[in-house]
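Coordinates in review
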Amino acid sequence: GAFGRRAINDFMVEAAWIAREAKAPVQLIWSREDDLRHDAYRPGGFHFFKGGLDRSGNVVAWDQHFITYDAPGEFGKTSTDLPPGEFPAGFVGNLRQGLTAMPLGIPQGPLPAPRSNMMAFVMHGFIDELAHAAGADPVAFRLDLLGEAEVVQQGASTYGAGRMRACLQAVAERSGWARRAELPRRGRWAGGAGAP
């Protein structure tokens, strides 16, 4: 699949060099070991969050600072970017998001998934912490955070808030979220035929 690995062209350069030296077309296939040995690393990072709740338990302030690595001129920058429109921009009035990128001497690139996969995990972990501090159900807390608008525009980012709410409600319904206390410390599988 490659999933972003195709954006790094080292294997293409190697194939072109071999073809030039051989004076013939070539097909280059790296072994899995070679692919991993010469792969780019996903930049690590540290997230720092602070948030504020009003007396009703609504999020009124969000402060995030992301410290990570960067290699100027390399593809890794897109793996560590924190654009101004990143969620929850547009959903929280008092929002500050910052980024510090330190140089790193190894090749960097994306995980085999969208850039947001690392952002979404930590951000939603923090949203869970805020819900806990508010004494609120995590699903209801997220629905309140999304508000009533169908679409939220924040700079270059457009969020289909109505679709986000519908998806969250569907997952909560299908997973039996309302009955989660009946099965403490157990997961639920919403599979079809053959479900355990």
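These figures come from a predicted structure and were not determined experimentally.

Digging into the packing of helix α5 (residues 138-146) against helix α6 (residues 161-174)
When two helices pack together, their arrangement is given by the angle between their axes and by how far apart the axes lie. Where α5 contacts α6, the axes come no closer than 10 Å and their chain directions differ by 170°. Here α5 lies roughly antiparallel to α6, going by the angle between them. Counting all contacts with α5, which are made through V139, R142, L143 and L146, the residues of α6 involved are A161, M164, R165, L168, Q169 and A172. Of the residues assigned to the contact of α5 with α6, the class counts are seven nonpolar, one polar and two charged.

Some points on unusual backbone geometry
Most peptide bonds are trans, and most residues other than glycine sit at a negative phi. In this chain, F87 is followed by P88 through a cis amide linkage whose omega measures 15°. Not every positive phi belongs to a glycine, and K23 is a case in point at roughly 55°.

Quick word on the packing of aromatic side chains
The tally for this structure, following the rule as stated, stands at seven aromatic pairs. Ring centres 4.6 Å apart and planes at 15° place the aromatic pair F49 and F126 in the stacked group. With F49 in strand β1 (residues 45-53) and F126 in helix α4 (residues 116-134), this residue pair connects regions lying 77 residues apart in the sequence. Accessibility classification places F49 together with F126 in one group, the buried group. For the ring pair F91 and Y159, a centre distance of 5.6 Å and an interplane angle of 65° mean the geometry is edge-to-face.

A word on the environment of G155
Secondary-structure assignment places G155 in the loop between β4 (152-154) and β5 (157-159). For G155, a relative accessible area of 63% gives the class exposed. C-alpha separation for the pair G155 and G85, spaced 70 residues apart in sequence, amounts to 5.8 Å.

Focus: the environment of D35
If you trace the backbone, D35 turns up in helix α2 (residues 32-37). Spatially, the C-alpha atom of D35 lies 9.0 Å from that of F11, the residues being 24 residues apart in sequence.

With respect to the pattern of salt bridges
The full count for this structure, using the stated rule, is four salt bridges. A salt bridge links D128 to R142, with the shortest nitrogen-to-oxygen separation between them at 2.8 Å. With a gap of 14 residues between them, D128 in helix α4 and R142 in helix α5 connect regions that are remote in the sequence. Close ionic contact of E150 with R165 constitutes a salt bridge, the shortest N to O distance being 3.0 Å. Note that E150 is positioned in the loop between α5 and β4 and R165 in helix α6, a separation of 15 residues in sequence. Look at E150 and you get exposed, because its relative accessible area is 53%. A residue is classified by how much of its surface remains accessible, and R165, at 11% relative accessible area, is buried.

Quick look at the nonpolar core
Core analysis: the biggest nonpolar cluster contains 21 residues, and W62, F87, F91 and L145 have the highest contact counts within it. Looking at which element gives the most residues to this core, the answer is α4, with seven residues. Apart from residues lying up to four places away in sequence, L145 is in contact with V59, F87, F91, V92 and I127.

What counts, and where the lines are drawn
Residues numbered from 1 in each chain as written. Predicted model: local features only at pLDDT ≥ 70, side-chain atom pairs only at ≥ 80, totals over all residues. Heavy atoms only, no water. Axes fitted to C-alpha atoms, helices over the stretch in contact; angles between N-to-C directions. Helix = DSSP H or I, 4+ residues; strand = E, 2+ residues; numbered from the N terminus. Parallel < 35°, antiparallel > 145°, perpendicular 65-115°, else oblique. Contact = heavy atoms within 4.5 Å. Nonpolar A, V, L, I, M, F, W, Y, C, P; charged D, E, K, R; others polar. Phe/Tyr/Trp six-rings, centres within 6.5 Å; stacked < 30°, edge-to-face > 60°. Buried < 20%, exposed > 50% of the residue type's maximum accessible area, 1.4 Å probe, protein only. Salt bridge = Lys/Arg side-chain N within 4 Å of Asp/Glu carboxyl O. Core = buried A, V, L, I, M, F, W, Y, C linked by side-chain atoms within 4.5 Å.

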